Amino acid sequence: MNYGPLLFLGILFTLASSWFGLVLMPNRQLGALVANTSTNDAGAVVVYPQARSGQAQQGAELYRSLGCIYCHSQQVRPEGFGADIARGWGKRRSVSRDYIYEPTVMLGTSRTGPDLTNIGERQSSAEWHLTHLYDPRITSKGSIMPPHPFLFEKRRIGAGGASTNALKLSGAFAVAAGFEVVPRPEARQLVEYLRSLKTSFDLPEAHLPKKESGDDANAKAAK
Amino acid sequence: MSAPAKPLSALMPGDVSDEHAKRALLAEIDASCRVPLLFFFVSALAWLLVGTALALVSSIKLHDPAFLAECPWLTFGRVRPAHLNAVIYGWASQTGIGVTLWLMCRLCRVPFVAPGLATVAALFWNLGLSVGIVGILAGDSTSIEWLELPRYATPILFFSYALIAVWGVITFRLRRERHLYVSQWYLLAALLWFPWLYATAQILLVLEPARGVVQGAVNWWFAHNVLGLWFTPIGLGAIYYFIPKVIGRPIHSYYLSVLGFWSLALFYNWNGLHHLIGGPLPAWMITVSIVASVMMLIPVITVAINHHFTMRGHFGKLKHSPTLRFVVFGAVCYTLTSLQGVANSLRGYSEIVHFTHHTVAHAHLGVYGFFTMVMFGAMYYILPRITGREWPSLGLVSLHFWACAIGLALYVGPLSIGGILQGLAMNDATKPFADVVAGTLPYLKLRTVAGLLLGLGHVAFVANLVWMLCRVFGPYRQPVVDLITGNESPAAVGK
């Protein structure tokens, strides 16, 4: 194999093949996906997915900046493939349409922590999230998730008494008497983002499982 | 593609009958490489040390989350990508570029063209990367795996890479040697593939992000190909050069080399989407990647057979030549990591190990066990030739090898098993997640111990190099003798 130009062309054509196949083709096939409409219980039409509100979107930027993706995935695998659905990480598998409005798609490749696709449904309490972010071992014994004390401010309790939004810390995690820990705006944004993560909407390509009784899960999630 | 006239010409292209002229040319080539290569190698090693420190911090944090938790710059989600980018673009890419340029010059029989400008390119590479790593720690990471460097850092890297690749290609064009040795195919391919991958990913993920999960597809097409089409060809090109070189006999089979190269070129670049098995992408894309991943058995087995039969009867030489020891260790790890990669891409196995620490172990078997070890071997060969000084301490060489070899085994073995157990536990919905986490702790702690061993090896290597450089710039006390690099005398016989 002493012929330079042939080598050169071979090198270019081999990579060109997957460049068309795995880059351009997906772009053509998936790049045109749009939001879907579905009707909820009350007869209202819900559009899904929707772009995030400002506060939650700022939180998404923090999620990116702090590298939560290195321990948390955001994709639910199909029923029967792994235990994603059995663990309650989602009611249905994730599909391409779920991600069309994500500026940066953070599917993730690691589950050192649980999948967060539907954390907003599973855990809607902002107070829980704030406490967990401050130090995960307060809410989850034995957690190896990093504490994020820098998203909070530790300050002296003012003349007007403790702030209403101060974290309730006790035992080993309590701060010195006369001090309190309050969330900075960043902590609130991140929690808004986490609370916005929910995908329990019925889609033609991925239906929610039928519920035996009561209201439709779709309608519930849409509220 | 014409077969070589005689097999030996594959090993020693264009054997100049005039021994003197040949030696003079090789000495000239080595001397011309001195400044840019020393710059690439020394800065690569500096990044290796930085990367090792960042790795240790991340590793400790995973079993001791309170460690350095107060500072946002050192939170796990920033230190980990800083580690990855420091070792991938700072260490592995720079030493890979250095080895590539040297091999190109030698195999083409052309002295380094304008070494001063290449040194400037190296300077910019380090500048861009430093800006980028600080950016990641400051919170500007893109959180796109393997592409975390913030967008303001990448143009500097691009500029620098363009210069470097042009160097390689110019050298190739100026070649005075008609025969193209197998290493040259791989190196030329790497030089051309890398910018294509990086440019595509940078445009479709950072500058003008594609919609939705197309990003996932592009991300893994890119990230997997950085391994398969950048590091792998450089590593294999080096193995193909150094094994025959040190043991003094040609590659076993020319035809296996051809088959190995073209099957790698055809199949590897379709592999990436097996990182998204079970994910929210159309099934055909993932299936195509799984098929291509299984096809990788062809190049992997071909290359393994070719290297093994070249080495057959010469394994005794591993004892005396550090270059051979590191390179052969790397070649074995290449086979192992590739087979592991094929297994990981099968749906049933991926269902278990995807999302676990198993993947991290696999990545280290590839980038460390294979690529890094081969690069160490190459540096043991090249550095004495471009500096004209031997390695001062054989003890440090041994320490380097054994610390890295044992450290790697301790890293990859247990963490691979721990990852499988983690995956099995995670797929059992009756097991609370806290138990899954607790089950991984022993393996994560062992990983920190393994990391310390690897760090020890790196320090030994750097100490030896610093010692050697003191001799370069200090008074000349020692003749160039061949203590280490096998059966030929450096700087004298060369290629």
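These remarks concern the structure in this document. Here the structure is a predicted model, which is why all the values come from computation and not from measurement.

### So, the overall build of chain B
Here's step 1: Helix and strand content of chain B: 15 helices and zero strands.
Here's step 2: Principal axes of the C-alpha set define a box for chain B whose edges measure 75 × 50 × 45 Å.
Here's step 3: The buried share among the 495 residues of chain B stands at 64%.
Here's step 4: For chain B, the computed accessible surface area is about 16200 Å², with 73% contributed by carbon and sulfur atoms.

### Examining the overall build of chain A
Here's step 1: Along chain A, the regular secondary structure elements total seven helices and four strands.
Here's step 2: The C-alpha radius of gyration computed for chain A amounts to 23 Å, which surpasses the reference 17 Å derived for 223 residues by more than 25%, pointing to a less compact arrangement than a globule.
Here's step 3: Here chain A holds 223 residues, and the buried ones make up 52% of them.
Here's step 4: If you take every contact in chain A between residues at least 6 apart in sequence, the share linking residues at least 24 apart comes to 65%.
Here's step 5: Looking at chain A as shown, the accessible area adds up to about 10300 Å², and 56% of this sits on carbon and sulfur atoms.

### Focus on the interface of chain A and chain B
Here's step 1: Taken residue by residue, the interface counts 77 residues in chain A and 89 residues in chain B.
Here's step 2: Summed over both partners, the interface of chain A with chain B buries about 6900 Å², with 64% contributed by carbon and sulfur atoms.
Here's step 3: The interface formed by chain A and chain B includes zero salt bridges.
Here's step 4: Between chain A and chain B we count 24 residue pairs in polar contact (both at pLDDT 80 or more) in total.
Here's step 5: Counting residues per element, the ones that place at least two in the side of chain A that touches chain B are helix H1 (4-30) and helix H2 (54-66) of chain A.
Here's step 6: When residues in the side of chain A that touches chain B are grouped by element, the largest group, 21 residues, is from H1(A).
Here's step 7: Across the side of chain A that touches chain B, the residue classes tally to 43 nonpolar, 27 polar and seven charged.

### A look at the environment of B:Val342
Here's step 1: Within the fold, B:Val342 resides in helix H11 (residues 322-344).
Here's step 2: Placed 50 residues apart in sequence, B:Val342 and B:Ala292 show a C-alpha to C-alpha distance of 9.4 Å.

### With respect to the pattern of salt bridges
Residues and elements named next belong to chain A.
Here's step 1: By the definition in use, this model includes 14 salt bridges over all chains.
Here's step 2: For Lys-91, the salt bridge goes to Glu-121, with nearest N and O atoms at 3.0 Å. Residue Lys-91 is found in the loop between H2 and helix H3 (119-122), and its partner Glu-121 is found in helix H3; the two are separated by 30 residues along the sequence.
Here's step 3: When its relative accessible area of 35% is taken as the criterion, Lys-91 is described as partly exposed.
Here's step 4: Residue Glu-121 is classed as partly exposed on the basis of its relative accessible area of 29%.
Here's step 5: What you see here is one network of salt bridges that share partners, running through Arg-77, Asp-84, Arg-111 and Asp-115.

### Topic: the packing of aromatic side chains
All names here are of chain B.
Here's step 1: Applying the stated criterion across every chain, the model contains 40 aromatic pairs over all chains.
Here's step 2: Here the aromatic cluster, defined as three or more aromatic residues joined through ring pairs, consists of Tyr-89, Trp-125, Phe-158, Tyr-161, Phe-194, Tyr-198, Phe-222, Trp-230, Phe-231, Tyr-334, Phe-370 and Phe-371.
Here's step 3: We note Arg-325 situated over the ring of Phe-401; from NZ or CZ to the ring centre the distance is 5.3 Å.
Here's step 4: Cation over ring: Arg-385 sits above Tyr-381, and NZ or CZ is 3.5 Å from the ring centre.

### A closer look at the nonpolar core
Here's step 1: Residues B:Trp102, B:Phe222 and B:Phe242 are the most contacted members of the largest nonpolar core, which totals 204 residues.
Here's step 2: Sorting elements by how many residues they give to this core places helix H7 (residues 214-247) of chain B first, with 21 residues.
Here's step 3: Setting aside residues up to four positions removed in sequence, B:Phe222 forms contacts with B:Tyr89, B:Trp146, B:Leu147, B:Leu197, B:Tyr198 and B:Ala201.
Here's step 4: A:Tyr48, A:Val95, A:Leu203 and A:Ala206 belong to the second-largest nonpolar core, a separate cluster that totals six residues.

### Here's the deal with the packing of helix H8 (residues 254-267) of chain B against helix H10 (residues 297-311) of chain B
Residues and elements named next belong to chain B.
Here's step 1: Following both chains from N to C, one finds H8 and H10 inclined at 155°, their axes separated by 8 Å at the closest point. The angle between H8 and H10 places the two elements in the roughly antiparallel class. When the axes of H8 and H10 are compared, the crossing they make is left-handed. Along its contact with H8, which presents Leu-256, Ser-257, Leu-259, Gly-260, Ser-263, Leu-264 and Phe-267, the element H10 presents Ile-298, Pro-299, Thr-302, Val-303, Ile-305 and Asn-306.
Here's step 2: Residues of the contact of H8 with H10, tallied by class, amount to eight nonpolar, five polar and no charged.

### Concerning unusual backbone geometry
Here's step 1: The amide bond that connects A:Tyr48 to the next residue, A:Pro49, takes the cis arrangement and shows omega of -5°.
Here's step 2: For A:Pro49, the position within the fold is in the loop between strand S2 (45-48) and H2.
Here's step 3: Positioned with a positive phi, B:Trp146 is a non-glycine residue whose angle comes to about 75°.
Here's step 4: Topologically, B:Trp146 is positioned in the loop between helix H4 (115-140) and helix H5 (154-173).
Here's step 5: For B:Trp146, a relative accessible area of 9% corresponds to the buried category.
Here's step 6: One non-glycine residue, B:Phe355, adopts positive backbone phi at about 75°.
Here's step 7: Mapped onto the secondary structure, B:Phe355 falls in the loop between helix H12 (347-353) and helix H13 (357-387).
Here's step 8: B:Phe355 sits in the buried class, given a relative accessible area of 1%.

### Description of the packing of H2(A) against helix H6 (residues 185-196) of chain A
All names here are of chain A.
Here's step 1: With their axes 7 Å apart at the nearest point, H2 and H6 run at an angle of 100° to one another. The pairing of H2 with H6 is recorded here as roughly perpendicular in orientation. Contacts between H2 and H6 involve Gln-55, Ala-56, Gln-58, Gly-59, Ala-60, Leu-62, Tyr-63 and Leu-66 from the first element and Glu-186, Arg-188, Gln-189, Leu-190, Glu-192, Tyr-193, Leu-194 and Ser-196 from the second.
Here's step 2: In terms of residue class, the contact of H2 with H6 is built from eight nonpolar, five polar and three charged.

### Describing the state of the cysteines
Residues and elements named next belong to chain A.
Here's step 1: In total, this model carries zero disulfides over all chains according to the counting rule given.
Here's step 2: We note that Cys-71 lacks a disulfide partner, and the nearest cysteine sulfur, in Cys-68, lies 8.7 Å from it.
Here's step 3: Judged by relative accessible area, Cys-71 falls into the buried class, the value being 12%.

### Observations regarding the pairing of strand S4 (residues 179-183) of chain A
The side chains of a regular strand alternate between both faces of the sheet.
Residue and element names in this part refer to chain A.
Here's step 1: Most of S4 sits inside the fold, with four of its five residues counted as buried.
Here's step 2: Two elements, strand S3 (residues 152-156) and S4, share five bridges in a ladder whose sense is antiparallel. In the strand pairing of S4, Glu-153 is matched with Val-182.

### As for a nonpolar patch on the surface
All names here are of chain B.
Here's step 1: Together, Leu-117, Val-120, Leu-123, Phe-124, Leu-127, Val-131, Tyr-152 and Phe-159 give the surface a local cluster of nonpolar side chains, amounting to about 680 Å² of exposed area.
Here's step 2: Along the chain, Phe-159 falls in helix H5.
Here's step 3: Relative accessible area serves as the criterion here: at 45%, Phe-159 is assigned to the partly exposed category.

### Observations concerning helix H9 (residues 283-295) of chain B
Here's step 1: For H9(B), spanning 13 residues, the distance from its first C-alpha to its last is 18 Å, which sits close to the expected 18 Å at 1.5 Å a residue.
Here's step 2: Structurally, H9(B) contributes buried residues whose contacts are with H1 of chain A together with H8, H10, H11 and H12 of chain B.

What counts and what doesn't
- Residues numbered from 1 in each chain as written.
- Chains lettered and ligands numbered in written order.
- Predicted model: local features only at pLDDT ≥ 70, side-chain atom pairs only at ≥ 80, totals over all residues.
- Heavy atoms only, no water.
- Helix = DSSP H or I, 4+ residues; strand = E, 2+ residues; numbered from the N terminus.
- Buried < 20%, exposed > 50% of the residue type's maximum accessible area, 1.4 Å probe, protein only.
- Areas by Shrake-Rupley, 256 points an atom, 1.4 Å probe, with all protein chains shown as cover.
- Rg over C-alpha atoms; globule rule 2.2 N^0.38 Å.
- Contact = heavy atoms within 4.5 Å.
- Buried area = accessible area lost by both parts, 1.4 Å probe.
- Salt bridge = Lys/Arg side-chain N within 4 Å of Asp/Glu carboxyl O.
- Polar contact = N/O pair within 3.5 Å; in protein donor to acceptor, adjacent residues only side chain to side chain.
- Nonpolar A, V, L, I, M, F, W, Y, C, P; charged D, E, K, R; others polar.
- Phe/Tyr/Trp six-rings, centres within 6.5 Å; stacked < 30°, edge-to-face > 60°.
- Lys NZ or Arg CZ within 6 Å of the ring centre and 35° of its normal.
- Core = buried A, V, L, I, M, F, W, Y, C linked by side-chain atoms within 4.5 Å.
- Axes fitted to C-alpha atoms, helices over the stretch in contact; angles between N-to-C directions.
- Parallel < 35°, antiparallel > 145°, perpendicular 65-115°, else oblique.
- Left-handed = near helix turned anticlockwise from the far one by under 90°.
- Disulfide = S-S within 2.5 Å.
- Pairing = 2+ DSSP bridges.
- Patch = residues over 30% accessible without salt bridge, like charges linked within 9 Å, V, L, I, M, F, W, Y side chains within 5 Å.
- Expected span 1.5 Å × (residues − 1).

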